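Survey of secondary and tertiary structure
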Amino acid sequence: MDALYIHIPFCMRKCAYCDFHSFEGKMSESKKYVDYLIKDFKSWPKYKYDTVYFGGGTPSLLEPSEIGRILKEIEITENAEITLELNPATANLKKLQEFRENGINRLSIGIQSFNNEILKTLGRLHSAEKAKETFYNARKAGFDNISIDLMFAVPNQGIVELKKDLETIKELNPEHISIYSLIWEEGTPFWDMLQQGTMKACDNDIEADMFELIIDTLADMGYTHYEISNFAKTGKEARHNSKYWENKEYIALGIGSSFYTEGFRGKNLLGFNEYYEAIDKGEKPWFESEKVDNPKEYEYMLGLRLLQEGIVPTEENIKITCEKLKNDGYLEIKSGKYLLTRKGIFFANYVFEQVL
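All figures in this text were calculated on a predicted structure; none of them were measured in a lab.

Scoring rules and cut-offs
- Once a new chain begins, its residue numbering starts again from 1 and follows that chain's sequence as written.
- It should be noted that, the model being predicted, local features are given only for residues of pLDDT at least 70 and side-chain atom pairs only at 80 or more, the latter also being counted only at that level, while totals for whole chains, interfaces and linings use all residues.
- To obtain the side-chain values, all non-hydrogen atoms of the structure were used and water was disregarded.
- Think of it this way: any DSSP run of H or I at least four residues long counts as a helix, any run of E at least two long counts as a strand, and we number them from the N terminus.
- Helix span, as expected, comes to 1.5 Å for every residue beyond the first.
- Here a residue-residue contact requires only that any non-hydrogen atoms of the pair lie within 4.5 Å.
- A pair of strands counts as paired when DSSP detects no fewer than two bridges linking them.
- Note on geometry: axes are C-alpha line fits, over the in-contact stretch for helices, and angles between N-to-C directions span 0 to 180 degrees.
- We count a salt bridge whenever a side-chain nitrogen from Lys or Arg sits within 4 Å of a carboxyl oxygen from Asp or Glu.
- The buried label applies to any residue whose accessible area, calculated with a 1.4 Å probe on protein chains only, is under 20% of its type's maximum; exposed applies above 50%, and partly exposed to all values in between.
- Here a polar contact is taken to be a pair of N or O atoms separated by no more than 3.5 Å, where protein atoms must pair a possible hydrogen donor with a possible acceptor and residues adjacent in sequence count only if both atoms sit in side chains.

Our next topic: helix α6 (residues 159-172). With 14 residues, α6 should reach 20 Å at 1.5 Å per residue; the first-to-last C-alpha distance of 20 Å fits that figure. Positive backbone phi, approximately 60 degrees, marks Asn-173, located one or two places after α6.

One can find Leu-194 in helix α7 (residues 189-196). In this structure the C-alpha to C-alpha distance between Leu-194 and Met-27, which are 167 residues apart in sequence, comes to 31 Å. Those residues in contact with Leu-194, other than ones at most four positions away along the chain, are Trp-184, Met-199, Lys-200 and Ala-201.

The strands making up a sheet associate through backbone hydrogen bonding, with each pair oriented either parallel or antiparallel. Taking strand neighbours across the sheet as the criterion, the three strands line up as β12-β13-β14 in an open arrangement whose pairing is antiparallel. Strands with a single pairing partner mark the edges of an open sheet, and in this sheet they are β12 (258-261) and β14 (286-291). Each strand axis lies, on average, 20 degrees off the axis of its neighbour in the sheet, ignoring direction. Note that β12 and strand β13 (residues 264-268) share four bridges and pair antiparallel. Across the sheet, the residue bridging to Ser-258 is Lys-267, located in β13.

Read from one edge of the open sheet, nine strands run β9-β10-β8-β7-β6-β5-β4-β1-β11, paired in mixed fashion. Across the chains shown, the open sheet's two edge strands, defined by having one partner strand only, are β9 (224-227) and β11 (251-253). Each neighbouring strand pair of the sheet contributes to a mean axis angle of 20 degrees, computed without reference to strand direction. Looking at chain direction, strand β6 (residues 106-112) and strand β7 (residues 146-152) are connected through five bridges and run parallel. Bridge pairing in β7 links Gln-112 to Leu-150.

A side chain with one charge can pair with a side chain of the opposite charge if their charged atoms come near. Evaluation of the coordinates by the stated rule reveals 19 salt bridges. As a salt-bridge pair, Lys-243 and Asp-2 come within 3.2 Å of each other at their nearest N and O atoms. Placement of Lys-243 in helix α9 (residues 239-245) and of Asp-2 in the segment before β1 (3-8) is noted, with a sequence separation of 241 residues between them. Exposure remark for Asp-2: the relative accessible area of 30% places this residue in the partly exposed category. Put simply, Lys-130 and Glu-133 hold a salt bridge, and the shortest N to O gap is 3.5 Å.

Right, let's talk about the environment of Asn-92 for a bit. Examined against the element boundaries, Asn-92 turns out to sit in the loop between β5 (76-86) and α3 (93-101). Owing to a relative accessible area of 45%, Asn-92 belongs among the partly exposed residues under this scheme. Through-space distance from the C-alpha of Asn-92 to that of Lys-291 is 44 Å; in sequence the pair is 199 residues apart. Engagement of the side chain of Asn-92 in a polar contact is seen with the backbone nitrogen of Lys-94, the distance being 3.3 Å. A distance of 2.8 Å separates a polar atom in the side chain of Asn-92 from the backbone nitrogen of Lys-95.

Here it is in structure tokens:
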């Protein structure tokens, strides 16, 4: 057990497309919440962690000293990867320097787009100019491992706008890029607008053209497409997230965070008070959990997401399925492993359904 996820659920404003477990206007809760994160952490056996990931929400809303207070409790390996998700609207150069001084050595900056109109559509609080300024300030603060989050297939975005985003990526030259198509999550304001017809989803063919452009352009820039939605310079793959895709267990702290621990997958309690009460009682703050009876299912699905790793099925029925998918052009074999082809990447959900 060498991976730790820490959920920080605070936001300045909840984005209309987001279904992550987060709250706006709750920052008065932050000190108590950090106290209980530490208390929760201390209830677990002692492990030495190779990766620590602060996700959210908006972890960069916390003071660097609060992040430092948490990290002081955690025993880490010599070259541990310690990531903080960061909103460009929440950090100036001084705060970035203090995050670095308090133990953060990798940033994941939630930029989403370098187009101000698209940022406005998404409800982001930063501008394209602020996003670039934040990136360059992170470099000045000493960060040499930066990931950028981008979105595509967003309303009002076409191929021209996407090309400009990719040109900016070339200019900034981050170590890592996570790029996702917009998912219309039920229960979000975006979903309601889609149902009401006030917002329109991107045409499937245009979305596919966009993804094709992303894959080819980033390859030309020297990035390895190592996971369906993730690209990295050599040696800069996200070590923490890779553990998820490798189906490794990890501990998760904080409300609403998902865990895979001691053979159980599940989610922590969703409310602050319920979380605090469970910890005070010495109970696991689990909201829901299920015993993983067949970890191979997760291993195959997650393993196929890793485009350079693939899977080696041992069950005869899975081998037969993989062979059929290979014959249909969705999978290929390299070094004895089944990997997604370019076609398979575009139809990944179909492939996963067949394999499972």
